[in-house]
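Listed here are the chains, written in short residue letters.
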Amino acid sequence: ANEKWTVGLEKSDYIGIVALIVGSCAPVVYYGFGPAYASTRLSYMLAIAAIGVGVVVCSFSPWFNKRPLIPVFMFISLALCGVVALLHATIAHDFSPRTVALLTGVVQMGACYLIGVALYVSHFPEALVPRQFSAITDIWGSSHQLWHVCVLAAAMHHFFTVLNLWHETAKL
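What counts, and at which threshold
- Residues numbered from 1 in each chain as written.
- Predicted model: local features only at pLDDT ≥ 70, side-chain atom pairs only at ≥ 80, totals over all residues.
- Heavy atoms only, no water.
- Axes fitted to C-alpha atoms, helices over the stretch in contact; angles between N-to-C directions.
- Helix = DSSP H or I, 4+ residues; strand = E, 2+ residues; numbered from the N terminus.
- Parallel < 35°, antiparallel > 145°, perpendicular 65-115°, else oblique.
- Left-handed = near helix turned anticlockwise from the far one by under 90°.
- Contact = heavy atoms within 4.5 Å.
- Nonpolar A, V, L, I, M, F, W, Y, C, P; charged D, E, K, R; others polar.
- Buried < 20%, exposed > 50% of the residue type's maximum accessible area, 1.4 Å probe, protein only.

Caption draft 1: Expanded view of the packing of helix α1 (residues 3-33) against helix α6 (residues 143-171). For the pair α1 and α6, the least separation of the axes is 11 Å and the interaxial angle reads 25 degrees. Between α1 and α6, the angle is such that the two are roughly parallel. As for how α1 packs across α6, the hand of that crossing is left-handed. Contacts between α1 and α6 involve L20, G23, S24, P27, V28 and Y31 from the first element and V151, H158, V162, L165, W166 and T169 from the second. Residue composition of the contact of α1 with α6, grouped by class: eight nonpolar, four polar and no charged.

In structure tokens, the structure reads:
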């Protein structure tokens, strides 16, 4: 592969991951705090966006890819900022049914992401039989493909959680 293209596409991939994480946090923070805590909601949204920009800037540094777990930990840390905000909102709203439902959906989404990350980092299933089935796992069932299936499952959990909250708040 062309090294310039590989590096450029890798950076684009990182920008997309950050956009996905920050974009997933935005409705969680928005619906989690609601209008009752507008300034807190805005503070969390700005902080998460700023941290996301920081991760993107770091992704352009040469040290970012020196160890494969650095990007993974940075992306997980960014996502945890949204979890902290949601836990704060859940406590602030006294464990209301709306915030508990949101928390449940986010936990399900996070579980899908973490399963995908575990598959991707461990190179499961191709690590079990590195060379014997490479012709098969190069096309079907590689850890990278399974990671993308987990990302789609997480996105579906997130979409339906936010959709339900949107319907609920539209009734208010």
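Caption draft 2: Fine view of the environment of L87. Tracing the chain through its elements places L87 in helix α3 (residues 69-92). Among the residues examined, L87 registers a relative accessible area of 40% and is labelled partly exposed. On a C-alpha basis, the gap between L87 and A101 in space is 12 Å, while along the polypeptide they are 14 residues apart.

Caption draft 3: Representation of the side chain of S24 within the structure. Assignment of secondary structure puts S24 in helix α1. Since its relative accessible area comes to 9%, S24 is described here as buried. Look past the residues within four positions of S24 in its chain and what remains in contact with it is Y113 and H158.

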